[in-house]
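Chain and residue survey
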Amino acid sequence: MSARAFDLLGGDVQLHGFASMALVNTSDNNFFGRSDDQISNDFSEVGVNASWRLTPIVQLSAELLSRRAGNTDDGGVRLDYGLLDWTALSSEEGRGGLRVGRIKTAYGLYNTTRDVPFTRPSIILPQSIYFERTRNLTVSADGAELYIERYGEAGTLSASFAYGQPQTDTDAAKIALVGLHRPGSLDSKMAPDFQVIYEGSGGRYRLGFTALRLDLKYQPGYGDILQAGRFKLTPLIFSAQYHAENWSLTSEYARRRTSVEDFGPYFYNGTFNGQSYYVQGTYRLAPQWEALLRYDAYYADQNDRDGKKFAAATHLPGFTRFAKDWTVGLRFDVTPQFMLRVETHRVDGTGFLATQDNPRTQDLRRYWDNFMLQASFRF
């Protein structure tokens, strides 16, 4: 990515930005707005980020982001991240330091850069790992992060441990967990996040592991049918990626232990292990063209993969508890700053759909298609 760099009070400042807009149409159900009965243009991203190196070991970084995503994000400008980075140790063998502020959550291979279209392998990331409907809970947190990187002939080993407050003060975060029209509020304890990544053969392959723990409390509001309940979510993610000259292969597997308790008789309480994974291949057809093929699978409960137990207990469709998605995509870099993308999805299940875009469960359809076009610009 190109940058504008200049001196400010003796420091080195860099400024970047990006903007994207997408068109979405689905055969059934809604994704990013009313995409079933019309073409939705309710998915757009605009961001500006800057970094200011105050000294050789201290840097300030921040990004302002405006994002529209159907009825889950209204396009308001917010601070995506804003932090002070102190590199306490630095040598030819490695470096280590501390970040303080609003920090991007290390979560799989793509989460820290997921808002920049040029860094994603597709218009939307694999929903089995990187949910759009719950992104606010995992995109960033207010706290601190310790990090270390070690360089050697065998490769690069990097590790980070963060401890911060997730963003639970949005309707999107609450609705994703307890549904529409709930008058209560959602709060979270401080959340630990650990990640380790190994890169070998000059970055030809990467192996990673991420562990995150969320402990969320729901406080009922006036007239609420729900009681003071609690969510405990512990995702463990295993990541692997291999790069050849013209193609790349990426796969991630997640196991999520979820505990839902004390919400009362009008909610689905219980403890279960979720399972999700994807396998993705990209191939560079020409210097400016890249094709993508991906299979993506999500199961809310690995012991109830078809959702039949859930349906018997709640009288809701079992297919809301899983999603299996075949994706085919094509990327065209018109210039280094301007990119066009097209992709189509064939989906079985509705496990990753947002309730805000699909408020009537009875209108959901198990099998559906999703077609997307996107144009992106950066500077």
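Residues numbered from 1 in each chain as written. Predicted model: local features only at pLDDT ≥ 70, side-chain atom pairs only at ≥ 80, totals over all residues. Heavy atoms only, no water.

Looking at the pairing of strand 6 (residues 94-104)
Regular strands place their side chains on alternate faces of the sheet. Put simply, the rule reads: DSSP-based pairing: two strands are paired if at least 2 bridges between them are found. Helix and strand definitions here come from DSSP, where helices need a minimum of 4 consecutive H or I residues and strands a minimum of 2 consecutive E residues; each element is numbered from the N-terminal end.
As judged from the nine bridges shared by strand 5 (residues 74-91) and strand 6, these two strands associate in the antiparallel manner. Its bridge partner lying in strand 6, Ser-91 is registered against Gly-94. Here strand 5 folds back onto strand 6 in antiparallel fashion, the turn holding two residues. Here eleven bridges tie strand 6 to strand 7 (residues 140-152), and the two strands are oriented antiparallel to one another. Across the sheet, Gly-96 pairs through a bridge with Ile-148, a residue of strand 7.

A word on helix 2 (residues 171-178)
Test applied: The cut-offs for exposure are 20% and 50% of the maximum accessible area for each residue type, with area from a 1.4 Å probe on protein chains only; residues under the lower value are buried, those over the upper are exposed, and the others partly exposed. It only takes one pair of heavy atoms within 4.5 Å for two residues to be counted as in contact.
Counting buried residues in helix 2 gives seven out of eight residues, a clear majority hidden from the surface. Considering only its buried residues, helix 2 is in contact with helix 1 (135-138), strand 9 (185-188), strand 12 (214-219) and strand 13 (230-243). Downstream of helix 2 by one or two residues, Gly-179 has phi in the positive range, about 95 degrees.

Overview of unusual backbone geometry
With a phi close to 65 degrees, Asn-29 is a non-glycine residue in the positive phi region. Note that Asn-29 resides in the loop between strand 2 (11-26) and strand 3 (40-55). With relative accessibility at 4%, the residue Asn-29 sits in the buried group. Phi angles above zero are rare outside glycine, and Ser-201 is one such case at about 55 degrees. Summarising the element assignment, Ser-201 is placed in the loop between strand 10 (191-200) and strand 11 (205-212). Its relative accessible area of 51% is what places Ser-201 among the exposed residues.

Some thoughts on a nonpolar patch on the surface
Operational definition: Distance thresholds for patches are 9 Å for like charges and 5 Å for nonpolar side chains (Val, Leu, Ile, Met, Phe, Trp, Tyr), applied to residues having over 30% relative accessible area and no salt bridge. Note that accessible areas follow from Shrake-Rupley with a 1.4 Å probe, and for residues the cover is restricted to the protein chains shown. Salt-bridge detection follows one rule: a side-chain nitrogen of Lys or Arg within 4 Å of a carboxyl oxygen of Asp or Glu.
Together, Tyr-242, Trp-247, Leu-249, Val-279, Tyr-283, Leu-285 and Trp-289 line one region of the surface with nonpolar side chains, adding up to about 670 Å² of accessible area. Of all elements in the fold, only strand 14 (247-261) and strand 15 (270-286) reach the threshold of two or more residues within the nonpolar patch. Positionally, Tyr-242 belongs in strand 13.

Some points on the environment of Asp-187
Within the secondary structure layout, Asp-187 lies in strand 9. It is 24 Å that separates the C-alpha atoms of Asp-187 and Gly-108, two residues lying 79 residues apart in sequence. The contact partners of Asp-187, leaving out residues within four places of it in the chain, are Gln-165, Thr-168, Asp-215, Leu-216 and Lys-217.

Some details on the side chain of Arg-294
Note the cut-off: Under this rule, positive means Lys or Arg and negative means Asp or Glu; His and the chain ends count for nothing. Polar contact is defined as a pair of N or O atoms within 3.5 Å, subject to the rule that within protein one atom must be able to donate a hydrogen and the other to accept it, and that residues adjacent in sequence are counted only when both atoms are side-chain atoms.
When you line up the elements, Arg-294 lands in strand 16 (residues 289-299). We note that Arg-294 is buried and unpaired, the nearest opposite charge coming from Glu-343 at a distance of 4.8 Å. A polar side-chain atom of Arg-294 sits 3.2 Å from the main-chain carbonyl oxygen of Ile-124. Setting aside its immediate chain neighbours within four residues, Arg-294 contacts Pro-121, Ser-122, Ile-124, Leu-125, Pro-126, Tyr-278, Val-279, Gln-280, Asp-325, Trp-326, Thr-327 and His-345.

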